[in-house]
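Per-entry structural report
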Amino acid sequence: MKSLQIKIIWMFLLILTCLLPIETIACTPEFETSYLFDPSSSTVFSRVDISLSKELSKIDGTDPKCLYRVSEKAYPVSGLDAEISDLKEALENKNTPKSEIETIIKSHIAQRKIIDIYSDEEKKYFRLEPYKFSETRISDKIPFATKDLPEEFKLYFNGAVIWHSGDFVGARKYWDELLDLPAKDRKYKTVWAVYMLAKSYENENPKKAIRYFQMTRELASNGFCDSLGLASESLGYEALCQKKLGKLNCALKLYLEQFKSGDTSAIQSIYLTLTN
């Protein structure tokens, strides 16, 4: 049934493509990721969004109560906010005195802000991966993990520092070490670490990346914290990996699931998959 529905969407898009102005399609920018679009760039898809959204909504299983939900906060701006919220909760659960919590959080925010995720070449679009071994991500002193930071936050942060320095292999070591912690000691950073491991293999080994993206959703569904909605995001990135392996049907099914999760940017990904 799903394959028939995908064929119907294919036919619908072919017709829609013929109706769109040629320059609209030709001027579509090439995006590095499958579905992280700058809001200002979405206008070229507005006509596609409206029509295709209606068709997708008719497909069986597009249940708004889907387990994987997009974050209600804006990404990536909310990344720090989400982490601080998780950190505060983790420290409170350890009965850390309020004054100490405030000190730890203040120090951690200061260290986080040393990492500049927007390089000179990335003024308009956010990219999780550095383009190269770039001094623009960490241009001053090297950030360090704040004293008394819970171990899972410390390991994740150390991996992030290495990641933004361009050393993906080095970053994996910290995130693997995080995953070796007892489950009760990694409630907040397990999903984040597995998601980033998937991202680290996205170009190097798409099959391995797919396994980690699937783990991201499994772990979120098993109760590990997913304050950024990474389970939903993993659907789009896994779809991109499936496309790299030539498995377009698998990619489309994942984009449909992503749409079901409430992420309407999947509409654009479906359109680009079927028309490119």
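Here, the structure is the one placed above.
Just so you know, these numbers come straight off a predicted model, no measurement behind them. Numbering of residues starts from 1 in each chain and follows the order in which that chain's sequence is written. Reporting in this predicted model follows two pLDDT cut-offs: at least 70 for local features of residues, and 80 or more for side-chain atom pairs to be given and counted; totals over whole chains, interfaces and linings ignore these cut-offs and use all residues. To get the side-chain values, take all heavy atoms of the structure and skip hydrogens and water.

Brief notes about the overall build of the protein chain
Labels follow the DSSP assignment, with helices taken as runs of H or I lasting at least four residues and strands as runs of E lasting at least two, numbered in each case from the N terminus. The number of helices and strands found in the protein chain is twelve helices and zero strands. When the helices and strands of the protein chain are listed from N to C terminus, the series reads α-α-α-α-α-α-α-α-α-α-α-α. Note on definitions: a residue-residue contact is assigned when non-hydrogen atoms from the two residues lie within 4.5 Å. Considering only intrachain contacts with a sequence separation of at least 6, the fraction spanning at least 24 residues in the protein chain is 68%. Approximately 14400 Å² of the protein chain is accessible, and the part contributed by carbon and sulfur atoms is 54%. Using a 1.4 Å probe, accessible areas were evaluated by the Shrake-Rupley method; residue-level cover was limited to the displayed protein chains.

What to know about the packing of aromatic side chains
Where two aromatic rings form a pair, the distance of their centres and the angle of their planes describe that pair. Think of it this way: a Phe, Tyr or Trp ring, Trp meaning its six-membered ring, pairs with another when their centres are within 6.5 Å, and the plane angle makes it stacked under 30 degrees, edge-to-face over 60, tilted otherwise. Under the defined criterion, the tally for this structure stands at nine aromatic pairs. Between Trp-163 and Phe-168, the ring centres sit 4.2 Å apart and the planes meet at 15°, which makes this aromatic pair stacked. Buried, partly exposed and exposed residues are distinguished by accessible area as a fraction of the type maximum, computed with a 1.4 Å probe on protein chains only: under 20%, between the cut-offs, and over 50%, respectively. Taking relative accessible area as the criterion, Trp-163 reaches 0% and is therefore assigned buried. Geometrically, the ring pair formed by Tyr-201 and Tyr-212 is stacked, given 5.9 Å between the ring centres and 5° between the ring planes. Highlighted residues: Tyr-201 in helix H8 (residues 190–201) and Tyr-212 in helix H9 (residues 206–221), separated in sequence by eleven residues. Assessed through its relative accessible area of 15%, Tyr-212 is described here as buried.

Describing the environment of Ile-84
Assignment of secondary structure puts Ile-84 in helix H4 (residues 78–93). For Ile-84, the residues in contact, after removing those within four places along its chain, are Ile-105, His-108 and Ile-109.

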